[in-house]
Structures are given as structure tokens and as C-alpha cells.
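Chain by chain, the residues run as shown.
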Amino acid sequence: MSFPGKGLLKGLAVTMRTMTKRSVTAHYPDALPELPPRSRGVIALIEENCTVCMLCARECPAWCIYIDSHKDTIPATTEGGRDKSRNVLDRFAIDFSICMYCSICVEVCPFDALHWSPEFEYAELDIRELTHEKERLREWMWTVPAPAALDEGAEPAKEITTAQKAAERQGRPTP
Amino acid sequence: MAELVEVLLRVAVVLLAFLVVPLLVGQVEHKAMAHMQSRVGPMYAGGFHGWAQLVADGVKFVQKEDVVPAAADRTVFKMAPAVALLPYLVAMVAIPIGPGLVGQDLDIGLFFVVAVMGVGVVGTLMGGWSSANKFSLLGGIRVAAQLMAYELPFVLAAASVAMAAGTLSLTGIVEAWNPWWLLWQAPAALVFFVAGLAELQRPPFDIPVADAELVFGPYTEYGGLRFALFILAEYAGIVVLSALTAVLFLGGWHGPWEDQVGWLWTLAKTGLVAFVVVWVRVAYPRLREDQLQRLAWQGLVPLVLFQLAVTAIGVVVMSS
């Protein structure tokens, strides 16, 4: 049925119906937002996994990753053996005022040293203070959520099978 | 002496209502409009759901610098907010909310209120002219065009109900009111409300302050307390228009237990109309200048002339 003024009444009805419903406002500072588990809040670093391969720093399109390292010599354990050398990470910093959250560094890291954390409350009053050092990046690692569960019936991850086989060889009970 | 005290008391009550009720309407607008748009509106000022938001706004406005543009006509520029605001205060004096509960009962109350409400628009016009700013001037001209177009149906709608009641006294009109007038005077009520909205430049008739085109129309150059006065005038205008619609067309204090709580009925009806003012603002987009003029001259004026004829026939039939 159509009559003059029907559209006007419809407009009033829509606003009135919206008023009786709950508003969609996110009460952010009072209530924390529910972020999806893989949201790109901040990049966290597991220092122990980093081998200073510099892949992340080189792939970064914004050049926002700073890495300093030095070579450390481990003396040979056996007589006449060769001294081993390894890289020691001195500085790992990400300038989040330049970072564009493209995720290339996280994807390119061959040793899973970089992860996305949903943490986002790291605003600063000075742009220079947005360069965060490895200690801060390590702390954010605690806020990284566990990886999503595998699909039902999926093959277990390669690392897990390898670890289980190694444990069996040593005669330790496996879970 | 007692007479003087009574006059002072009445003036004080009207002044208090004038300062408080527009703020209430403003708060209702903040919250109702927010929820109609699925927001929550102010939440912090005053602690509980932002009830003191407008008080906080007022404090902020008072702290602002008093700026008058160099090229402005200083006297007119400074007078404009007062000219815009005071008529509504004066109009409030004559609006009854209960039998005898009125600032000053005038024999020609309706005539007085309608005349005084027209003056309010002059304040906006003065602001637009004296600001020496093209946006202000264009806004002022639009205000003038709008006033010309809508004053006529506004006054004719008021005349219709005065004809029906056979008096110009607002108290007299309410006393003559009958529930079936809701039907008989329905077109006049509609025209009165719509034309009133247009005179107050309330959305959807806010083309004079259309922010996308004219910054803020006649108020562009105003800031601080003067700006606050213009905004207060807008809300006081809503109160006066709502109260007038309630008194003229919705029967004022008529309702169950009107002998005891008649004044509550008037206030409730006023509040309802004020809510509709807010509701209409949220629901409808702004009318274009040509649509605005067409609605007045091709819609409201013929409708209200038809209403006048119907009222005249009704009066003649009933008196014979």
C-alpha cells in the first residue's frame, strides 16, 4: 500500500527503531576492544631465535628495522679443534613511526623470531620514542596468542613429528 | 507591595525556566540523537551518562576569547545575539502552563507571542549582515527568504485556532479546546509545527547554516559567549515552539486529573513535541533552497488556507 508521506513515516520509524536498540559504540578506554587473534598490533621479537641473518632488515620496505651485532668466538671444545663463531645480537629496534605494518619481516624470518602481537597501546608523546628496542619487543612476545588449532584430522606439524621421533630414539616416553 | 513581589516572583520563575528548560532539550537532543544513530552521546561530563555536558560546554564558551572581526559593524554584531535570544524569553512570559500558571496573561497572547517570535529571526539576520563575511551574508539572506516564506503559514495556522476558539488569549484558547479539535485542527497543527521548525532554522530546514556550503551561515564569525547565546536561542526557540504547539493544538493542561496536575500535562505535551523536533532532525536530510520554498508556497500555504475555510465553516455551523 502506498500513500503520500509514507517515506517520511518510514524515516521516523527507522530512527525510532534504532533508538530502542543497543548502540554499537565501542567503549574503548573503559572496555578493551575484542580484536581478532591475528590482528597486527605490534611486532614482537624472540631474541633467542634471532640469528642476525638480517633478512628482515633487508626486506623491510620502510627501512624501519635497526640491527647491530658482533661476532663471538666459542673456543674449541676438543684439543686441536676449530674455534666456532656465532653472531650475537646487540641491538634490535623497530621504528614504529615508520613501520607500515606490512608483515613482510614476520613472514620472511626463517627462525620464527618475529611475531604479530595484538597489543596496540604504545602511543608516545614524542615521535622519537616510537623506536622500540629489543627488550620492549621481547616483552610483547608474552602477548602473542597461541597459533590457531589445526583442522580436525590434519597432519601434525612437521616439527612435532621430528621432535617425537627424536624423543623415541632416546627412549623417553612421549605424550 | 504584594503585587510587586508577585510580579518579581513570576519573572524569576520564567527566567529560571528559560535558563533550564532549553538545556534539558539540548541534553535530550544529545542523547536521543546519539541513540537514534546507534551512538551513546556524551558519557563523561558529570559522571552519569554525561548529564552535565551542556554545563561543561557553557563553561568552555565563557572561557573563549571575545573576537569581533575588523571589518564587522561592531554595534550590530554585538547586539545580534541578544536580539536573537531575548524574544524567546519575552514569549515565554505569555505562555500558560496551567490555569493561572502564566507569567503574564495577555488578552492578545497569541498575537503577542507570534509577533515576538518573528523578531528572533531578525537577530540572526543582523548577525549575518554585520559580520562582513560572504558566508554570513549568504546565510543571512537565506534566513530572510525562509522567514518570508514560513511566517505566513505560521501566522495563518495560529489564526485558524484563534478563529475556532474565538479569542486571542492563550489561556482562553486552551479553555475553549475540545479533544475533537485534534482532528478538526490537524492540518493547522501540522503546518504550525513545520513552519515553526523552519523559522527556528532547525533541520531539515537548516539551509541557512548548511555547514557544507556556508561554514555556519550567519554564525560563522561568532565565537565564545556570543555563539553560545545564538545556540541557546535555538533551544529556547524549540521550547517556545513546542510549548505553543502544545497549548494551541494539543490542549495544554487538558487531560485526566487536570484539576490537580494540569501543569504536568502541559509540560509533558511540550516535552513530547520537543522530542519530535529532535526526532525529525535525525530522520530527514536537509531541504534544498528551492525545495524549501516550494514546500512553503505550494504545500503549506494552500493547506492552511484550506484549513481556514474548514475552521470558518465549523465555527459558523457550531454557532448556528
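Residues numbered from 1 in each chain as written. Chains lettered and ligands numbered in written order. Predicted model: local features only at pLDDT ≥ 70, side-chain atom pairs only at ≥ 80, totals over all residues. Heavy atoms only, no water.

**Regarding the nonpolar core**
Note on soluble globular proteins: their nonpolar side chains tend to be buried together.
All names here are of chain B.
Stage number 1. Counting 92 residues, the largest nonpolar core has Y150, F192, L244 and L248 as its most contacted members.
Stage number 2. Examining the composition of this core, we find that 16 residues originate from one element, helix α10 (residues 224-249), more than from any other.
Stage number 3. Leaving out residues up to four positions away in the same chain, F192 has contacts with F154, A157, A158, L241, L244, T245, L248 and F249. (Core = buried A, V, L, I, M, F, W, Y, C linked by side-chain atoms within 4.5 Å. Buried < 20%, exposed > 50% of the residue type's maximum accessible area, 1.4 Å probe, protein only. Helix = DSSP H or I, 4+ residues; strand = E, 2+ residues; numbered from the N terminus. Contact = heavy atoms within 4.5 Å.)

**Let's talk about the interface of chain A and chain B**
Stage number 1. With 15 residues of chain A at the interface, the matching set in chain B holds 15 residues.
Stage number 2. Taken as a group, L12(A), T15(A) and M19(A) account for 40% of the area that chain A buries against chain B, more than any other trio of residues on that side.
Stage number 3. Viewed at the interface, chain B and chain A are joined by zero salt bridges.
Stage number 4. Taken together, the links from chain A to chain B amount to six residue pairs in polar contact (both at pLDDT 80 or more). (Buried area = accessible area lost by both parts, 1.4 Å probe. Salt bridge = Lys/Arg side-chain N within 4 Å of Asp/Glu carboxyl O. Polar contact = N/O pair within 3.5 Å; in protein donor to acceptor, adjacent residues only side chain to side chain.)

**Topic: the UniProt feature "binding site: [4Fe-4S] cluster 2" (unreviewed entry) in chain A**
All names here are of chain A.
Stage number 1. The positions UniProt marks with the feature "binding site: [4Fe-4S] cluster 2" (unreviewed entry) are C60, C99, C102 and C105. Taking the farthest pair of C-alpha atoms as the criterion, the annotated set spanning 46 residues converges on one region, since that pair is 10.5 Å apart.
Stage number 2. Of note, C60 is situated in the loop between α2 (55-59) and β2 (65-74).
Stage number 3. By the element assignment, C102 lies in the loop between β3 (84-95) and α3 (104-108).
Stage number 4. Its relative accessible area of 27% is what places C102 among the partly exposed residues.
Stage number 5. In this view, C102 contacts R40 and P61; residues no more than four positions away in its chain are not counted. (UniProt positions renumbered as here; feature names shortened; annotations may be inferred.)

**Some thoughts on the packing of aromatic side chains**
Stage number 1. Considering all chains together, one arrives at 18 aromatic pairs over all chains under this definition.
Stage number 2. These aromatic residues form a ring-pair network of at least three members: F61(B), F77(B), F216(B), Y219(B), Y222(B), F227(B) and F230(B). (Phe/Tyr/Trp six-rings, centres within 6.5 Å; stacked < 30°, edge-to-face > 60°.)

**What to know about the UniProt feature "transmembrane region" (unreviewed entry) in chain B**
Residue and element names in this part refer to chain B.
Stage number 1. With numbering matched to this structure, UniProt assigns "transmembrane region" (unreviewed entry) to residues 7-26, 82-102, 108-129, 150-174, 227-250, 262-283 and 295-318.
Stage number 2. As a span, residues 82-102 carries 57% helix and 0% strand, and end to end its C-alpha atoms are 23 Å apart.
Stage number 3. Counted over residues 108-129, helix gives 95% and strand 0%. Its end C-alpha atoms are 32 Å apart.

**Considerations on the UniProt feature "binding site: [4Fe-4S] cluster 1" (unreviewed entry) in chain A**
All names here are of chain A.
Stage number 1. According to UniProt, the "binding site: [4Fe-4S] cluster 1" (unreviewed entry) feature falls on C50, C53, C56 and C109. What stands out for the annotated residues spanning 60 residues is how close their C-alpha atoms remain, the widest pair being 10.4 Å apart.
Stage number 2. Tracing the backbone through its elements, the reader meets C53 in the loop between β1 (42-45) and α2.
Stage number 3. Among residues more than four places away in sequence, those in contact with C53 are R58 and P110.

**Some thoughts on the side chain of S242(B)**
Residues and elements named next belong to chain B.
Stage number 1. Structurally, S242 is set in helix α10.
Stage number 2. For S242, a relative accessible area of 0% gives the class buried.
Stage number 3. Of the polar contacts made by the side chain of S242, one reaches the backbone oxygen of I238; its length is 2.6 Å.
Stage number 4. When near neighbours in sequence (up to four residues on either side) are disregarded, S242 contacts T270, V273, A274 and V277.

**A short note on the side chain of T245(B)**
Stage number 1. Locating T245(B) in the fold gives a position in helix α10.
Stage number 2. Contacts of T245(B), omitting those with residues within four sequence positions, involve F192(B), F193(B), L250(B) and V273(B).

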